[in-house]
Amino acid sequence: WTAVSLAPGAGKMDIVEYLISMGADVKPRTSNSITVYGLGSKNAIGRAIQRGLQRRREREVETCWPWREDIIDWQFEDVRQWLLAVGCLDVQNVFRDNMVNGEALLDLSDEDIDDILDEDEDVHDDTTLRNRVKQAIYNLRDPE
């Protein structure tokens, strides 16, 4: 059980929203394979998840915007600072090992991201982190 799984049972949709906005997995499963949607009012949970995902996107866009002007000139340290700001610092080593600079970051396809993340045993099975990295890169390319 995760906090996202426990909050709906207690009627704490504000907690669900907050956890999702901070990067929690939207689809965690309990040991019985029940998702968060099966643990309370589906409408209330759905709205909390939507609001949380919207807040997450807004935060990521705000985080990305100050750096947009010179991304193509970023060195790895700039990429590392950005990873820290968007809550994806766990991938810094594999990005460094693959020499991901600003220009490379802007050119990464979903397949490239998957290939890079598959190289790191600590993150290759973490779908939440994988999706967060992809979304942060999308937001970096197009913050609107």
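Keep in mind it's a predicted model, so treat the numbers as computed, not measured.

1. Structural notes on the overall build of the protein
Now for step 1: If you tally the helices and strands in the protein, you get 8 helices and 0 strands.
Now for step 2: When each of the 144 residues of the protein is scored for burial, the buried share is 42%.
Now for step 3: Across the protein, the fraction of contacts at a sequence separation of at least 24, relative to all contacts at a separation of at least 6, is 59%.
Now for step 4: Surface accessibility of the protein: about 8,200 Å² in total, with carbon and sulfur atoms responsible for 46%.

2. Comments concerning the side chain of Asp-120
Now for step 1: Mapped onto the secondary structure, Asp-120 falls in the loop between helix 7 (110-118) and helix 8 (127-141).
Now for step 2: Nearest to the buried, unbridged Asp-120 among oppositely charged side chains is Arg-96, at 8.5 Å.
Now for step 3: With near-sequence residues (within four places) excluded, Asp-120 lies in contact with Asp-90 and Val-94.

3. Considering the confidence of the model for the protein
Now for step 1: Looking at the protein as a whole, the pLDDT averages 79, with 78% of positions reaching at least 70.
Now for step 2: Looking across the protein, the model is least confident in helix 1 (residues 3-9), with a mean pLDDT of 72, and most confident in helix 5 (residues 92-97), with 92.

4. Some thoughts on the nonpolar core
Now for step 1: With 23 residues, the main nonpolar core has Trp-82, Val-91, Phe-95, Leu-105, Leu-108 and Val-133 as its most contacted residues.
Now for step 2: Element by element, the count of residues in this core is highest for helix 8, at 5 residues.
Now for step 3: Ignoring any residue separated from it by four or fewer positions in sequence, one finds Phe-95 in contact with Phe-76, Val-79, Leu-83, Val-100, Leu-105, Leu-108, Ile-116, Leu-117 and Val-133.

Reading guide: rules and limits
- Residues numbered from 1 in each chain as written.
- Predicted model: local features only at pLDDT ≥ 70, side-chain atom pairs only at ≥ 80, totals over all residues.
- Heavy atoms only, no water.
- Helix = DSSP H or I, 4+ residues; strand = E, 2+ residues; numbered from the N terminus.
- Buried < 20%, exposed > 50% of the residue type's maximum accessible area, 1.4 Å probe, protein only.
- Contact = heavy atoms within 4.5 Å.
- Areas by Shrake-Rupley, 256 points an atom, 1.4 Å probe, with all protein chains shown as cover.
- Lys, Arg positive; Asp, Glu negative; His and termini not counted.
- Salt bridge = Lys/Arg side-chain N within 4 Å of Asp/Glu carboxyl O.
- pLDDT = per-residue confidence, 0-100.
- Core = buried A, V, L, I, M, F, W, Y, C linked by side-chain atoms within 4.5 Å.

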